[in-house]
Amino acid sequence: MLLDRINEPGDIKHYSVEELELLAQEIRTFLIEKLSVTGGHLSSNLGIVELTIALHYLYNSPVDKFLFDVGHQSYVHKILTGRKDRFDTLKKYKGMSGFIKRNESVHDVWEAGHSSTSLSAAMGMALARDFKGESNKVIAIIGDGAMTGGMALEAMNHIGHEKKDLMVVLNDNEMSIAPNVGAIHNYLSRIRSDKNYKKAKGELESLLKKIPSIGGTLAKTAEKVKDSLKYMVVSGVLFEELGFNYIGPVDGHNLPLLLETFKQADKVKGPVLVHVITRKGKGYLPAEEDSHTWHGASSYKIESGQMAKAVGNPMYTEIFGNALIELAEKDTRIIAVTPAMPGGSGLLKFAKAFPNRMIDVGIAEEHAATMCAAVAGEGLKPVFAVYSTFLQRAYDQTLHDICRMNLNVIFAIDRAGFVGGDGETHHGVYDIAFLRHIPNITIMMPKDENELRNMMYTAVHYDGGPIAIRYPRVNTRGVTIDETMTALPIGTWEVVADAPSPTAAILAIGPMVQLAEEAAETLKREGIHVRVINARFIKPLDETMLLQLAKEGLNLVTIEEASVKGGFGSSVLEFYADRNIYDMRVKNIGVPDYFVEHGSLNEQRAEVGLAAERIVTEVKNLLPKKRQRA
Ligand SMILES: Cc1ncc(C[n+]2csc(CCOP(=O)(O)OP(=O)(O)O)c2C)c(N)n1
Ligand SMILES: CC(=O)[C@@H](O)[C@H](O)COP(=O)(O)O
Ligand SMILES: [Mg+2]
């Protein structure tokens, strides 16, 4: 196999085009085999095989810089840069990352995970290169979905102004995760059908030449018509107007054509955009026909080496999607908004039930947030469904446009906590810290699926301003679903376990409540009695309960699967400090101040000490010294 002989990009430089095409077939087979065991971003990587081979064949990584936008489609790059033998560890603990990782290879020059950063980075690398008087290539590989991200447009605006030598390869497969949306997508679609334009233009010219005498005048008029037609359809005029040299569209699976195209592009001075048309999932029919389902690891489950459609227990996401349908049936004010994640956010069924009430804005979290503010300002009930990590993009819009005007936006924050295989770029562990200090916002987290439903009911019937529900990327607790949903009194916590004279109280949020209950059982067996509190409102705190705990003189342990710095636990400390209550002994357990890498959820929790055993230890550490010795 050709693949066996590849340990670095230079190993393919002497291959013939026929051998490169054979290599592409081998890589596709390799990807399907490996990912049928490990999972991963299958369809995006199957679609970028020839393109990645062509780039490594023509250019010299790492001197020439390859910047993969998002980085989920960098498996072929990893294969060609000496990591094919690590694919059994893909997204595994201490194994190979599913994204570009600088500490993995010198060929990995720009990390991502969040979309639309590659063009800004390419501009930065070109700027630095020119300052240093170097002459390497800077090549950003960005998908049509990522191109809808605001950062990409900001960068293009600047690149077109500076006119530095750099290349943008637009990998256009008409798909984001779901089918791509937006005016840019529509524009690209028109270019993709460019052959129609060429045909129309040719026919128009030959027709005019046949008309004697007036033909000339008509031709001039027609020229204007043709030019206006050009401004509607012709390939790349949008990019040309932004200062790029546009080349394309070109078939991204035709290796000889790709090689020739890039050779042409190399002759161009200034920024050049090569528009490559690919098919997401190419080479694996189920993924070609339904690249949405086969986009990411959570979309399919591996069974006996074969890939099967998504199976498994419902996650909180499914409970959210079903409950939103129930609520929307009764409340026509409800509008669901997603930034390009309808599937991952559990809104596909909602979209079927209410086609005009599910709005996919593309990869545009900032826009989504401010749009929701305006929708709420007009008296409707926008539900902004967004992963915690991607909400980081909309911090200012949340503060400046939603909370400051105190508008009734509902935040459905999914993937709150560790996410497992996607690792540090995707963990939802900072939203408590970056939201709880903003005035007017209410933040909740359910301990189980019934509480999630009740929180959604609470949020829909709450008109006191912005309200957020955060829930994790884990299976639900499997409790029996109560058909009825009820409102929770804002700012009230729930005692889930108690004892006659507890020595301590454990304040837990979300899935940590279950760990706290387990810890309480263990402590009870050792004669140490504690109260377990489901601190289901992260903001506002249950001040009555906090003052009662102080009155009883209980030690406190707080636990959250979120940044301990600035998290829920620190808000408890602030509460007591603000009231000059200093004799409370409080221990905060949470995610420490470093980035936790990819692995399984359990491995990540174990690494940072989110475990019942840790709670037991911390409760004991807070006991009076004499009791600790007992
Ligand atoms: C800021 C941000 N929002 C959402 C996502 C989730 N996401 C990951 S890949 C992707 C689609 C990217 O589409 P495209 O760039 O066309 O790449 P393709 O998978 O089609 O090759 C999305 C929405 C993200 N990574 N970053
Ligand atoms: C690359 C990216 O950002 C998404 O594909 C993400 O990996 C989806 O995560 P889930 O699998 O949790 O939906
Ligand atoms: Mg795409």
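For clarity, every value in this text was computed on a predicted model and none was experimentally measured.

Description of the pattern of salt bridges
If the charged atoms of two oppositely charged side chains come close together, the side chains can form a pair. Throughout the structure, instances matching the rule amount to 30 salt bridges. Here aspartate 266 and lysine 137 are joined by a salt bridge, their closest N and O atoms 3.5 Å apart. With aspartate 266 in helix H11 (residues 255-266) and lysine 137 in the loop between helix H5 (118-132) and strand S2 (138-143), this residue pair connects regions lying 129 residues apart in the sequence. For aspartate 266, a relative accessible area of 31% gives the class partly exposed. Accessibility expressed as a relative area gives 31% for lysine 137, which makes it partly exposed. The shortest N-O distance in the salt bridge between glutamate 618 and arginine 614 comes to 2.9 Å. Separated by 4 residues within a single helix, glutamate 618 and arginine 614 lie in helix H24 (residues 612-622), roughly one turn from each other.

Focus on the site of ligand 2
In the neighbourhood of ligand 2, 14 residues make up the surrounding shell, with Tyr387, Arg415, Asp422, His426 and Arg473 lying closest. Within the side chain of histidine 295, one N or O atom sits 2.9 Å away from an oxygen atom of ligand 2. Between ligand 2 and arginine 473 there is a distance of 2.7 Å, counted from an oxygen atom to a side-chain nitrogen or oxygen. Relative to its free-state accessible area of 360 Å², ligand 2 is covered by the protein chains to the extent of 92%. In the shell around ligand 2, the residues fall into 5 nonpolar, 6 polar and 3 charged. Of the residues that make up the shell around ligand 2, three or more belong to each of domain 1 (3-194 + 244-289) and domain 3 (316-470).

A closer look at the packing of helix H15 (residues 365-377) against helix H17 (residues 395-403)
At a minimum axis separation of 9 Å, H15 and H17 run at an interaxial angle of 10°. Between H15 and H17, the angle falls in the class roughly parallel. For the pair formed by H15 and H17, the contact residues are Glu366, Ala369, Thr370 and Ala373 on the first element and Gln397, Asp401 and Ile402 on the second.

Quick look at the site of ligand 1
Around ligand 1 sit 23 residues in total, of which Ser44, His72, Gly113, Gly145 and Glu365 are the nearest. Aspartate 144 is positioned such that a nitrogen or oxygen atom in its side chain is 3.0 Å from an oxygen atom of ligand 1. Within the backbone of glycine 145, a nitrogen or oxygen atom sits 2.7 Å from an oxygen atom of ligand 1. Contact with the protein chains covers 98% of the free accessible surface of ligand 1, which is 590 Å². Broken down by class, the residue content of the shell around ligand 1 amounts to 8 nonpolar, 11 polar and 4 charged. Residues from two domains meet in the shell around ligand 1; each of domain 1 (3-194 + 244-289) and domain 3 (316-470) gives at least three.

Here's the deal with the confidence of the model for the chain
Of all residues in the chain, 90% have pLDDT values of 70 or greater, and the mean over the chain is 92. In the predicted structure, residues 301-305 sits below a pLDDT of 50 and forms 13 contacts with residues beyond four places in sequence or in another chain. Across the whole predicted complex the pTM is 0.93, and at the interface the ipTM reaches 0.99.

Thresholds, definitions, all that
- Residues numbered from 1 in each chain as written.
- Chains lettered and ligands numbered in written order.
- Predicted model: local features only at pLDDT ≥ 70, side-chain atom pairs only at ≥ 80, totals over all residues.
- Heavy atoms only, no water.
- Salt bridge = Lys/Arg side-chain N within 4 Å of Asp/Glu carboxyl O.
- Helix = DSSP H or I, 4+ residues; strand = E, 2+ residues; numbered from the N terminus.
- Buried < 20%, exposed > 50% of the residue type's maximum accessible area, 1.4 Å probe, protein only.
- Near = heavy atom within 4 Å.
- Polar contact = N/O pair within 3.5 Å; in protein donor to acceptor, adjacent residues only side chain to side chain.
- Areas by Shrake-Rupley, 256 points an atom, 1.4 Å probe, with all protein chains shown as cover.
- Nonpolar A, V, L, I, M, F, W, Y, C, P; charged D, E, K, R; others polar.
- Domains from an automatic or database assignment.
- Axes fitted to C-alpha atoms, helices over the stretch in contact; angles between N-to-C directions.
- Parallel < 35°, antiparallel > 145°, perpendicular 65-115°, else oblique.
- Contact = heavy atoms within 4.5 Å.
- pLDDT = per-residue confidence, 0-100.

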